[in-house]
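Read off the chains here:
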Amino acid sequence: MSERRIRNNKIRRRRERRKNILLFVMTVCFAISLFFSAGSILSNAKDHEKPVEYKYYASIPVESGDTLWSIAADHMGTHYASPQEYIKEVKQMNSLRNEDIQEGMYLIVPYYTTEFR
C-alpha cells in the first residue's frame, strides 16, 4: 500500500512540475510578445510625428547675382545630402552642361513642402 502511495505521489509531483514548467514557458512567451508589441507601437508612433513632405517643381527667374549655389541654398531644404547633389539635379532637369546661368533665364527647381497641392 505504501509503495502505491509513493508511486502516486511521484506521478502527482511530476504532473505539477510539468504544469509549473508550462506556466513558466507561457509567461516568458507572453512577456517576449508584449515586449516586441510595445516596441512596434512606439516605433509607429514616432513615424506619425514627422509630417509628410511632397516634392514639387517650380519655375524661377534667375536674377542678377544668382548662382546655382545661391539657388540651392534657397530651395534645397534638408532633403539633399549636399548642395552639389541638388545642383546636379537642377542641371539635369534644365539640360545645363555647366554651372553658368544668366539673368533673365528661368530654371526648373525641385522643392519640398508639407502642403499637398
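Owing to the predicted nature of the structure, the values given are computational and were not obtained by experimental measurement.

Enquirer: Explain a nonpolar patch on the surface to me, please; I cannot follow it from the model alone.
Expert: Residues Ile21, Phe24, Val25, Val28, Ile32, Phe35 and Phe36 make up a contiguous nonpolar surface patch of about 730 Å² in total accessible area. By the secondary structure assignment, Phe36 is in helix 1 (residues 2-49).

Enquirer: I tried to follow the packing of helix 2 (residues 68-75) against helix 3 (residues 83-93) on my own but got confused; where do I start?
Expert: Between two packed helices, both the angle of their axes relative to each other and the distance between the axes serve to describe the pair. Where helix 2 contacts helix 3, the axes come no closer than 9 Å and their chain directions differ by 105°. Considering the angle they form, helix 2 stands roughly perpendicular to helix 3. Of helix 3, the residues touching helix 2 (which contributes Leu68, Trp69, Ile71, Ala72 and His75) are Pro83, Gln84, Tyr86, Ile87, Val90 and Lys91. Taken together, the residues that form the contact of helix 2 with helix 3 break down as eight nonpolar, two polar and one charged.

Enquirer: Looking at this structure, how should I read the confidence of the model for the protein?
Expert: For any part of a model where pLDDT is low, the fine detail of the predicted coordinates should not be relied upon. In the predicted model, the protein carries a mean pLDDT of 89, and the fraction of residues at 70 or more is 92%. Element-level mean pLDDT values for the protein span from 82 in helix 1 up to 95 in helix 3.

Enquirer: Help me understand the pattern of salt bridges in this model?
Expert: Per the stated rule, a full pass over the model turns up three salt bridges. A salt bridge links Glu16 to Arg12, with the shortest nitrogen-to-oxygen separation between them at 3.5 Å. Residue Glu16 and its partner Arg12 are located together in helix 1, separated by four residues, close to a single helical turn. Looking at Arg12, the relative accessible area reads 43%, which means it is partly exposed.

Analysis parameters
- Positions within a chain are numbered from 1, following the residues in the order the chain's sequence is written.
- Local features in a predicted model are, by the rule used here, given only for residues with pLDDT of at least 70; side-chain atom pairs are given and counted only at 80 or more, and totals for whole chains, interfaces and linings are based on all residues.
- Side-chain metrics rest on all non-hydrogen atoms present in the structure, leaving aside hydrogens and water.
- Patch membership is restricted to residues that have no salt bridge and whose relative accessible area is over 30%. Joining uses 9 Å for like charges and 5 Å for the nonpolar side chains Val, Leu, Ile, Met, Phe, Trp and Tyr.
- Here the Shrake-Rupley method, with its probe set to 1.4 Å, supplies the accessible areas, and only the displayed protein chains count as covering residues.
- Any carboxyl oxygen of Asp or Glu that lies within 4 Å of a side-chain nitrogen of Lys or Arg is treated as forming a salt bridge with it.
- Every helix listed is a DSSP run of H or I at least four residues long, and every strand listed is a run of E at least two residues long, numbered separately from the N terminus.
- In this analysis an axis means a line fitted to C-alpha atoms, helices contributing only their contacting stretch, and an angle means the value between N-to-C directions, from 0 to 180 degrees.
- In this scheme, roughly parallel covers angles under 35 degrees and roughly antiparallel covers those over 145, while 65 to 115 is roughly perpendicular and the rest are oblique.
- Pairs of residues are marked as contacts when any of their non-hydrogen atoms sit within 4.5 Å.
- Lys, Arg, Asp and Glu make up the charged group, whereas Ala, Val, Leu, Ile, Met, Phe, Trp, Tyr, Cys and Pro make up the nonpolar group; the residues left over, Gly among them, are polar.
- One confidence number per residue, pLDDT, is output by the predictor and ranges from 0 to 100.
- We call a residue buried when its accessible area falls under 20% of the maximum for its residue type, exposed when it is over 50%, and partly exposed in between, using a 1.4 Å probe and counting protein chains only.

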